[in-house]
Amino acid sequence: MDRSTAAIDVTDLTVAYHDTPVLWDVDVRVPHGVLMAIVGPNGAGKTTLIKAILGLVRPAAGQTLIDGAPYAQQRQRVGYVPQRGSVDWDFPTSVLDVVMMGRYGQLGWFRRPGKRERELALAALETVQLQQYADRQISQLSGGQQQRVFLARALVQDAQVYFMDEPFAGVDAVTERAIIGVLQGLRAAGKTVVVVHHDLQTVPEYFDWVTLLNVRVIACGPVAEAFTDEHLRRAYGGRIAFLGGGSGEPHPAPPAEHDAGPAVIVGTPR
Amino acid sequence: MSPQLEIQLIAMLVAAACALPGVFLVLRRTAMVSDAISHTILFGIVIGFLVVRDLASPWLMAGATLTGVLTVWLVELLTRTRRVHEDAAIGLVFPLLFSLAVIMISRFAGNVHLDNDAVLLGEIGFAPFDRLVLLGVDLPRAMWVMGGILAANLLFIGVCYKELKLSTFDAGLATALGFSPALLHYGLMTLVSLTAVGAFDAVGAILVVALMIGPPAAAYLLTDRLARMVGLSVAIGALSALAGYWLARTLDTTIAGAMATMIGVSFALVFVFAPQRGMIALLRRRAGQRWIVAQQMLAAHLLQHEGTPAAEDESRLSTLGEHLRWSPGFVVGVVRRAEAGDLVRRDGDALRLTARGRALAVAAMTR
């Protein structure tokens, strides 16, 4: 892997639905081996950014390079976890089958999944601790289990760069820990992981890189530099409540290198 | 082969061919597209007939198939303007093309056998008279045509099975992985149109929908695996078609109508009796859950008061209903089940938890 190129390099990306810009002149450069959160208010274009990078929505302008080349040439190196609600969980198929779908890209057109795909899928299910559910119909899973099935499906893609759209939506605290553990494992293996995230409180704890987005990029960089009060205020505008000095609620400990004071946020949009 | 046997075989071929693409229509929640296509292909048939003046021409089939695909495209075009929702777009496009076709039939083609009755109900009963000799084999033309269409459907679904599954379940991932859901969609829609054109002759425009949607909808209630759903759809369709033929013979009525009726009957039977998702199974499961929860409550209640001064009073059979606010009849039912399941045993008028019952109570309370 060429370390001089960025894992993800988005330049001048603009996406509009009719006459409403959803993303405006977005520049994001993400180095290899980081775990990055994309945060921003509802309608900030977080999902659209991921979809534009993956070619699922057509940008009005701009370009995206994955590891120095357009996405179409890098499909095999990119894993994708869509929002859990984007599929029909009553679809007649098993957990193992859904996980094997992650291998379809490597298989290409017409080749059927076989023993090897099965083994990879079972191994991925073990990583997310769902091996005993392999033969279950997917509608029998809880929300957190569904999310972990999607994660397992991305794991079998064996990609270098992962995009995950709200992997923590509607999962309990235990599952969230389990998922972040897997993501940090990916980072430790040198992969780049991009996560659309909603809980601002956990950003410094979970991630080492962050993009604050509100149609435009407010800030993008290491959490210590980008995740500041000033940037948060600009990203969220009046929709964010900073706890004043008189509040009795405890402030979470700011990360050591976090020089701009704690961004204590209540009532963040979910 | 007797004409009667030929009719039955054609009926089964039509039903099987329709059920295959129907599975994916049902799963994609675009069932009503088949309704639109089965009507608008008439437009293509009429136009084709006016051009080639031969109802048996392959060009006519090709033209009609194209009209079906055109319908899908027009509906999408209209939906994409965001001025009309998809269901309304279907309701706008297909009556327009269908009524144009009906006008053209009555105006230009009324004296050939392309009449409005045949359009609505088909004429499978006459199929054995129209014969075609291919490779020295003399069979009804409809059998050749539907056999070919069934083979085409099997081939497409067999070859693109994994791609169809992925793009139906998760079109986003399919696109991201480099498969083209749009290509697969139009491939599927071409087959739906082709199948509708072939089935049109046999069963008419309206009943094509029944054949495409009914069997997959029933199969969906019988299995939770896609491959089995495909197989079951074909089986249910073919058997309903066969049953329909015999119903029509018994009642001396329209074969196509009886086929569609039997599909309705098949669906109703599955809906009521399906082992997991049928209504009876559902009601029984709900009733069962009520007893299970009650037994857990009973066990938990006994455990909570075990060893406390109030235990004697709380565990007495005669006062249990009062404490748990259960009717005396319900108490008897719950206790009888709990005893049978070795959760509690009777000690005079008092109930004592067994080891099993205690384990259940702990599990229920710590869940």
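See the structure above.
Residues numbered from 1 in each chain as written. Chains lettered and ligands numbered in written order. Predicted model: local features only at pLDDT ≥ 70, side-chain atom pairs only at ≥ 80, totals over all residues. Heavy atoms only, no water.

Focus on the overall build of chain A
1) Next: From N to C terminus, chain A includes ten helices and twelve strands.
2) Next: Buried positions account for 54% of the 270 residues belonging to chain A.
3) Next: Considering only contacts within chain A whose residues lie at least 6 apart along the sequence, 69% involve residues at least 24 apart.
4) Next: Accessible surface, chain A as shown: approximately 11400 Å² in total, 48% of it carbon and sulfur. (Helix = DSSP H or I, 4+ residues; strand = E, 2+ residues; numbered from the N terminus. Buried < 20%, exposed > 50% of the residue type's maximum accessible area, 1.4 Å probe, protein only. Contact = heavy atoms within 4.5 Å. Areas by Shrake-Rupley, 256 points an atom, 1.4 Å probe, with all protein chains shown as cover.)

Points about a nonpolar patch on the surface
1) Next: There is a patch of nonpolar side chains on the surface, built from Trp 109 and Phe 110 of chain A together with Leu 155, Val 159 and Leu 183 of chain B and spanning about 500 Å² of accessible area.
2) Next: Mapped onto the elements, Trp 109 of chain A comes out in the loop between helix 4 (104–107) and helix 5 (115–127).
3) Next: With relative accessibility at 32%, the residue Trp 109 of chain A sits in the partly exposed group. (Patch = residues over 30% accessible without salt bridge, like charges linked within 9 Å, V, L, I, M, F, W, Y side chains within 5 Å. Salt bridge = Lys/Arg side-chain N within 4 Å of Asp/Glu carboxyl O.)

A short note on unusual backbone geometry
All names here are of chain A.
1) Next: Positioned with a positive phi, Asp 12 is a non-glycine residue whose angle comes to about 50°.
2) Next: Following the sequence through the fold, Asp 12 ends up in strand 1 (residues 8–17).
3) Next: If you check the backbone angles, Gln 129 has positive phi at about 60° while not being a glycine.
4) Next: Mapped onto the elements of the fold, Gln 129 is located in the loop between helix 5 and helix 6 (143–156).

What to know about the sheet that holds strand 4 (residues 61–66) of chain A
Each strand in a sheet pairs with another by means of backbone hydrogen bonds, the pair being arranged parallel or else antiparallel.
Residues and elements named next belong to chain A.
1) Next: Spatially, the four strands line up as an open sheet ordered 2-1-4-5, and their pairing is antiparallel. Of all the strands in the sheet, just strand 2 (20–30) and strand 5 (69–70) have a single pairing partner and so form its edges.
2) Next: Two elements, strand 1 and strand 2, share seven bridges in a ladder whose sense is antiparallel. Note that in strand 2 the partner of Ile 8 across the bridge is Val 30.
3) Next: Lying on the sheet, helix 1 (residues 46–53) is in contact with strand 1, strand 2 and strand 4; it crosses strand 1 at an angle near 115°. (Pairing = 2+ DSSP bridges. Axes fitted to C-alpha atoms, helices over the stretch in contact; angles between N-to-C directions.)

Here we look at the pattern of salt bridges
All names here are of chain B.
1) Next: What the rule picks out here adds up to 17 salt bridges over all chains.
2) Next: One salt bridge connects Arg 346 with Glu 339, and the closest N-O pair in it is separated by 3.3 Å.
3) Next: Taking relative accessible area as the criterion, Arg 346 reaches 45% and is therefore assigned partly exposed.
4) Next: Judged by its relative accessible area of 29%, Glu 339 is partly exposed.

A word on the interface of chain B and chain A
1) Next: On the chain A side, the residues contacting the 30 residues of chain B number 34 residues.
2) Next: Here chain B packs against chain A, burying approximately 2800 Å² in sum over the two surfaces, 63% of which is carbon and sulfur.
3) Next: By the criterion of area lost to chain A, the three top residues of chain B are Lys 162, Phe 169 and Leu 177 of chain B, representing 26% of everything that side buries.
4) Next: In this structure, the connection of chain B to chain A is made through three salt bridges.
5) Next: Lys 165 of chain B is the partner of Asp 97 of chain A in a salt bridge, and the nearest nitrogen-oxygen pair spans 2.5 Å.
6) Next: Secondary-structure elements contributing two or more residues to the side of chain B that touches chain A are helix 6 (141–159), helix 7 (161–169), helix 8 (171–176), helix 9 (181–220) and helix 10 (226–251) of chain B. (Buried area = accessible area lost by both parts, 1.4 Å probe.)

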